[in-house]
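Given next are the chains, with one letter for each unit.
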Amino acid sequence: MADDEEEQGGRIFFSNIGRSMELEDEIVLTSVGIDIGSSTSHLAFSRIVLERLDTRYMVVERTLLHQSDVLLTPYRGNNEIDADALGAFIAQQYDAAGLTPDAIDTGALILTGVAVRRSNARAIGDIFSAQTGKFVVVSAGDGLETTLAAFGSGAVARSAKANTRVLNVDIGGGTSKLAFCEGGSIRHITAIDIGARVIAFDDDRRVTRIEEAGQYFAAQAGVSVVLGAVLAETDAGNIANTMVECLFETMQGGSMRPQTTTLLRLPALPAGPLPDVVTISGGVSEFLYAGEEQRFGDLGPLLAAALRKKLAGWPPTLEIPQQGIRATVVGASQYTVQVSGSTIYVEPLGSLPIRNVPVIKPSLSFGEEIDTGSIAEAVSDALARLDLVEGESPVGLCYEWEGSASYGRLDGFCRGVLMGLAPILAKGHPLILVGEGDIGGLVGMHCRQEANVARVISIDGIKLDEFDFIDIGAMLETSGAVPVVIKSLVFPSLGLGHEAFEKQ
């Protein structure tokens, strides 16, 4: 029990912020990352070694145990994903890895691309229902998928080296996702309806699938595409060239043709300096870099050839990403345990426990006077980046308080946060705030008493990053603190041996 503990309503004072729930100095976890996309699905099994640093466990070793085959995501009637066939594939990959579901400690299931929007997406999640407590499940829309690819490809880490500007272009089956990274952060993102499988065909080159974007680009190229008809190699090449011209226009940022703008799924990249480096991830990257010989009945090889030729005349250097087709599959999620905190505020106490809460960490400015509008805008941008604006789940907002905690500064901060989180709170979710400093109680009390927020969970003494998911446990009777389990998505770090890919 802390020496100076006091409880007043929802306000808890707790003096010791350094307590840990774990006794082990080292934790070894077996994890699985699963990416189910509109075009392909695949898995990766890893062993993660974590060592304790103060109250936080850090990844010190990650060993890839098994990397699955890449499956063309199976479909059945009504254009639904075939959950039975997908489940059988996943079971086969567990067998190939020599693992059972019971042997998995943690994992991340990522639904990307069109897979998120299929009517039976919930049935996909049901495949893993027995392991729900272990998995972080992420339905990635355009913004989040772009962000995941930027981190998974190593573009964000690469941009931190000598303040390099890196543009990562992730070209999948249905969309291309672009992230402009600088100084170890993502500055701008966009996405466009350009992908390898907007037109698909069988071994005889008879068309089996045409997306709306496929019809558009075929018309732009002057090619007639009809289901069941043969698509000549020359015609397919003309379509791919047309798509790359549009993609390259998007990559350059700034103003673009109206017809290109109509294909955007997110706002265009702004005009500005060119990147120093370009990396290409996604399925098309396997053809562009590695010379993949297997054909999947789509435009992938032709897109890669056209893009490589186009990039040869562009000043930025083309380099190899850390991950290609697997850039959005997260290798693992790690568990970290911390305890909050110096001061916390929970009202009502029955709001806890709460599980699998995604975390945003907006870029906040703590000037002498805190601007409410700027705080709200930063929070809104963070929600959009992680596709959380619909308010389908609660969201934890992580912040690093700077400066004094005067009434005016607290009020500006709290009201800005509430404005930015309005879509979340409007759905009845609690306000969840996580501070790294020693101010959780004051912030939570201000939101409850001054802004009249009904449900507030405000904790502190916790270090989080964007992409973390947290479980906040019930209050510990012995201390008045709450345990916090952090599930971090682990991306590969940019290591040595990644030489620049030479332009031809």
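Residues numbered from 1 in each chain as written. Predicted model: local features only at pLDDT ≥ 70, side-chain atom pairs only at ≥ 80, totals over all residues. Heavy atoms only, no water.

K.L.:
It is not clear to me how helix 13 (residues 440-449) should be interpreted in this structure. Could you clarify?
P.N.:
Because each turn of an α-helix spans 3.6 residues, side chains separated by three or four positions end up pointing in the same direction. Of all the 10 residues making up helix 13, 7 are buried; the element is thus mostly covered by neighbouring parts of the structure. When helix 13 is considered as a whole, its buried residues turn out to be Gly440, Gly441, Val443, Gly444, Met445, His446 and Cys447. (Buried < 20%, exposed > 50% of the residue type's maximum accessible area, 1.4 Å probe, protein only. Helix = DSSP H or I, 4+ residues; strand = E, 2+ residues; numbered from the N terminus.)

K.L.:
Looking at this model, I keep getting lost on empty space enclosed by the protein. Mind explaining?
P.N.:
A probe matching the size of a water molecule, rolled over the atoms, marks out where space remains unfilled. All chains considered together, the criterion is met by 1 cavity of 30 Å³ or more. Volume-wise, the largest cavity comes out at about 30 Å³. Taken together, Ile171, Ile194, Met243, Val244, Leu247, Leu303 and Leu307 make up the lining of the largest cavity. Sorting the residues of the lining of the largest cavity by element identifies helix 6 (233-252) and helix 9 (300-311) as the ones contributing at least two each. No other element matches helix 6, which puts 3 residues into the lining of the largest cavity. In the lining of the largest cavity, the residues fall into 7 nonpolar, no polar and no charged. (1 Å grid on protein atoms, 1.4 Å probe; cavity = no way out; pocket = protein on both sides within 12 Å on 5 of 7 lines; lining within 4 Å. Points joined across faces, edges and corners; volume = space filled by probe spheres on them. Nonpolar A, V, L, I, M, F, W, Y, C, P; charged D, E, K, R; others polar.)

K.L.:
I keep staring at the packing of aromatic side chains and nothing clicks. Help me out?
P.N.:
Remark: the centre distance and the inter-plane angle together describe each pair of aromatic rings, the angle taken between the planes. Summed over the entire model, instances satisfying the criterion amount to 8 aromatic pairs. For the pair Tyr216 and Phe217, a centre-to-centre distance of 5.1 Å together with 80° between the ring planes defines the contact as edge-to-face. Tyr216 gets classed as partly exposed once you look at its relative accessible area, which sits at 24%. By relative accessible area, which is 1% here, Phe217 ends up buried. Here Trp401 and Phe413 contribute two aromatic rings whose centre-to-centre distance is 5.4 Å and whose plane-to-plane angle is 85°, an arrangement assigned as edge-to-face. A residue pair is termed long-range when its members are at least 10 positions apart, and Trp401 in the loop between strand 21 (396-399) and helix 11 (407-420) and Phe413 in helix 11 qualify at 12 residues. (Phe/Tyr/Trp six-rings, centres within 6.5 Å; stacked < 30°, edge-to-face > 60°.)

K.L.:
Would you explain the nonpolar core in this entry?
P.N.:
The tendency in soluble globular proteins is for nonpolar side chains to be buried as a group. The biggest cluster of nonpolar side chains holds 45 residues, and the ones touching the most others in it are Ile239, Met251 and Ile280. Ranked by residue count, the leading element in this core is helix 6, at 9 residues. Core analysis: the second largest hydrophobic core is formed by 43 residues, Ile360, Leu397, Leu410 and Val453 among them. (Core = buried A, V, L, I, M, F, W, Y, C linked by side-chain atoms within 4.5 Å.)

K.L.:
For this particular structure, what's the right way to read the pattern of salt bridges?
P.N.:
Close approach of charged atoms lets side chains of opposite charge pair. Applying the stated criterion across every chain yields a total of 18 salt bridges. Notably, a salt bridge pairs Lys177 with Glu145, separated by 3.3 Å at the nearest N-O pair. Here Glu145 lies in helix 3 (residues 142-152) and Lys177 lies in strand 12 (residues 176-182), a separation of 32 residues in the sequence. Given the relative accessible area of 3%, Lys177 is considered buried. Look at Glu145 and you get buried, because its relative accessible area is 6%. (Salt bridge = Lys/Arg side-chain N within 4 Å of Asp/Glu carboxyl O.)

K.L.:
Sorry, what's going on with the side chain of Asp298 here?
P.N.:
Mapped onto the secondary structure, Asp298 falls in the loop between helix 8 (285-288) and helix 9. Among the polar contacts listed, one links the side chain of Asp298 to the side chain of Arg197, at a separation of 3.1 Å. Side-chain polar atoms of Asp298 contact the backbone nitrogen of Gly300, separated by 2.9 Å. Among residues more than four places away in sequence, those in contact with Asp298 are Ala196, Arg197, Ile199 and Phe201. (Polar contact = N/O pair within 3.5 Å; in protein donor to acceptor, adjacent residues only side chain to side chain. Contact = heavy atoms within 4.5 Å.)

K.L.:
Would you mind going over the packing of helix 6 against helix 9 with me for this structure?
P.N.:
The relative placement of two packed helices comes down to the angle between their axes together with the axis-to-axis distance. Running from N to C, helix 6 and helix 9 point in directions that differ by 50°, and their axes come no closer than 8 Å. Taken together, the axis directions place helix 6 and helix 9 in an arrangement best described as oblique. Crossing hand, helix 6 versus helix 9: right-handed. Along the contact surface, helix 6 presents Glu233, Ala236, Gly237, Ala240, Asn241, Met243, Val244, Glu245, Leu247, Phe248 and Met251, while helix 9 presents Leu302, Leu303, Ala306, Leu307, Lys310 and Leu311. Residue composition of the contact of helix 6 with helix 9, grouped by class: 12 nonpolar, 2 polar and 3 charged. (Axes fitted to C-alpha atoms, helices over the stretch in contact; angles between N-to-C directions. Parallel < 35°, antiparallel > 145°, perpendicular 65-115°, else oblique. Left-handed = near helix turned anticlockwise from the far one by under 90°.)

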